[in-house]
Every structure is written in C-alpha cells, then in structure tokens.
Amino acid sequence: MAWCCVFAEEDCKKYLRKKRQEAEQPLQVPAVDSSVPKTSELMGITTRDDPYGNGTEMFDAFICYCQKDLQFVQEMIRELEQTEFKLKLCVFDRDVLPGTCVWSISGELIERRCRRMVVVISDDYLESDECDFQTKFALSLSPGARLKRLIPVKCKTMKNEFPSILRFITICDYTNPCTKKWFWTRLAKSLLLP
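Cut-offs applied
- Residues numbered from 1 in each chain as written.
- Predicted model: local features only at pLDDT ≥ 70, side-chain atom pairs only at ≥ 80, totals over all residues.
- Heavy atoms only, no water.
- Disulfide = S-S within 2.5 Å.
- Axes fitted to C-alpha atoms, helices over the stretch in contact; angles between N-to-C directions.
- Helix = DSSP H or I, 4+ residues; strand = E, 2+ residues; numbered from the N terminus.
- Parallel < 35°, antiparallel > 145°, perpendicular 65-115°, else oblique.
- Contact = heavy atoms within 4.5 Å.
- Nonpolar A, V, L, I, M, F, W, Y, C, P; charged D, E, K, R; others polar.
- Pairing = 2+ DSSP bridges.
- Left-handed = near helix turned anticlockwise from the far one by under 90°.
- Phe/Tyr/Trp six-rings, centres within 6.5 Å; stacked < 30°, edge-to-face > 60°.
- Buried < 20%, exposed > 50% of the residue type's maximum accessible area, 1.4 Å probe, protein only.
- Lys NZ or Arg CZ within 6 Å of the ring centre and 35° of its normal.

In the annotation of an unreviewed UniProt entry, the protein chain is listed under the name MYD88 innate immune signal transduction adaptor and assigned to Chrysolophus pictus.

(A) Spatial organisation of the state of the cysteines. Under the defined criterion, the tally for this structure stands at zero disulfides. A disulfide-free cysteine, Cys 131 has its sulfur positioned 3.8 Å from the sulfur of Cys 64, the nearest such atom.

(B) Examining the packing of helix H2 (residues 70–80) against helix H6 (residues 183–192) more closely. For the pair H2 and H6, the least separation of the axes is 11 Å and the interaxial angle reads 75 degrees. With respect to each other, H2 and H6 are oriented roughly perpendicular. Counted together, Phe 72, Glu 75, Met 76, Glu 79 and Leu 80 of H2 and Phe 183, Trp 184, Leu 187, Ala 188 and Leu 191 of H6 form the full contact between these two elements. Classifying every residue of the contact of H2 with H6 gives eight nonpolar, no polar and two charged.

(C) Here's a closer look at the sheet that holds strand S2 (residues 89–91). If you walk across this open sheet you meet the five strands as S2-S1-S3-S4-S5, and the pairing is parallel. Whereas interior strands pair on both sides, the edge strands pair on one side only; in this sheet they are S2 and strand S5 (172–173). Contacting strand S1 (59–64), S2, strand S3 (114–121) and strand S4 (150–154), H2 runs over the sheet at an angle of about 160 degrees to S2. This element, helix H4 (residues 102–113), spans S1, S2 and S3 of the sheet and lies at about 125 degrees to S3.

(D) Quick look at the packing of H4 against helix H5 (residues 129–141). Packing of H4 against H5 brings their axes to within 10 Å, and their N-to-C directions diverge by 35 degrees. Considering only the axes of H4 and H5, their crossing is right-handed. Where H4 abuts H5, its residues Val 102, Trp 103, Ser 106, Gly 107, Ile 110 and Glu 111 lie against Asp 129, Glu 130, Phe 133, Gln 134, Phe 137, Ala 138 and Leu 141. By residue class, the composition of the contact of H4 with H5 is seven nonpolar, three polar and three charged.

(E) Spatial organisation of the packing of aromatic side chains. Tallying each qualifying case throughout the model produces eight aromatic pairs. Ring geometry for Trp 103 against Phe 133: centres 5.0 Å apart, planes inclined by 75 degrees, an arrangement best described as edge-to-face. In this pair, Trp 103 sits in helix H4 while Phe 133 sits in helix H5, placing the two residues 30 residues apart along the sequence. A relative accessible area of 29% places Phe 133 in the partly exposed class. Among the aromatic residues, those joined into a ring-pair cluster are Phe 72, Tyr 174, Phe 183 and Trp 184. Sitting above the plane of the Phe 59 ring, Lys 88 keeps its charged end 5.5 Å from the centroid. The ring of Tyr 174 carries Lys 180 above its face, with NZ or CZ at 4.2 Å from the centroid.

Structure follows, in structure tokens:
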C-alpha cells in the first residue's frame with residue numbers, strides 16, 4: 001500500500017510540473033494569419049464605408065503626398081475626378097475618418113482598396129516618414145513594378161535628388177513644359193489600366 005502512495009505522489013508532482021511549464025509558455029493561436037483583419041479596427045475607415053463592415057469603399061488610386069503638396073493634390077482631384085476620366089482617388093485628408101492608426105489604415109487602403117498608388121514627389125515628400133512608409137509598402141506589393149501599381153508624379157522642381165527607390169519606374173513629370181499638355185491624360189490612362 002505504501003508503494004501506491006509513492007506512485008500517486010510522483011504522478012501529482014509530474015502533473016504540477018507540467019501545468020507550471022504550460023503556464024509559462026505564451027498562448028498561441030493554432031492558425032496565425034495577419035493578412036485579414038480579425039477585428040473591427042479597419043471597418044468604417046473612410047467616409048463612405050458602412051460602419052458595420054458590410055460594404056467597403058474602393059478606389060482607383062491611393063494618393064501618397066505630403067501636406068505641403070496639398071494644392072497640387074486638389075488640382076489632381078479636379079483634373080481626374082471631376083472630368084471625363086471620372087476616377088475615384090483616395091486622398092487621406094479628405095476620405096479617411098480620424099481615430100485609427102495611420103499605418104494600419106495606409107496599409108489596408110494601399111493593399112486591398114486601391115488598384116494603384118500615385119506618389120506625389122517633391123523635396124517635401126523626401127522629408128515625410130508617412131510618405132516613405134507608404135511608398136515602400138506599395139513597392140513591396142509589386143517588386144520590380146511588374147504590376148504597374150505605383151506611379152511617381154514629380155509635381156515641383158526639386159533641389160534634392162529624385163528618390164533612388166523610384167528611379168527605375170517611369171514618371172509623370174508635371175514640371176516639364178514640353179510634356180505638360182499631355183500630363184493629365186497620361187496619368188489618367190495609367191490609372192485606368194486593368
């Protein structure tokens with residue numbers, strides 16, 4: 001009978017050690033998938049989204065710009081949305097509701113809700129952490145620009161060097177007087193590509 005108590009005590013000690021080890025290990029979900037939001041954080045992020053997640057607003061292009069280039073972006077809205085092109089642009093300051101993480105919203109819009117991304121390039125763009133993130137994120141979705149997803153637009157004459165990360169992609173140059181008359185048509189047609 002004494003040997004039964006010894007075995008029972010050993011079993012209890014093993015059980016308690018196992019439970020202690022399990023408690024020290026991090027809790028993990030068997031299927032980890034970060035590509036699809038599991039929370040309501042990214043529902044209702046734009047002005048026309050259904051706040052309950054039943055309908056999301058889609059765009060032809062996400063416009064990556066810094067605040068100092070907002071006047072050019074407003075001209076872009078007039079030329080591309082309010083003309084025969086009828087494009088739907090995602091302009092952060094106009095279309096995104098406040099209250100959610102800027103980086104999460106940018107990633108969601110660029111990857112899932114916008115077919116293309118227009119990068120408005122200027123010296124001020126080079127100083128923007130937000131523009132840097134958005135550009136690198138969009139490039140990571142289409143390495144080597146194979147999907148023609150990212151369209152650089154030079155909006156002002158620059159003192160600094162054009163961003164090296166974008167040098168291999170053909171640009172729309174608003175500053176070139178020789179091609180300015182074709183500028184909006186070229187940009188619109190590149191955004192209308194399937």
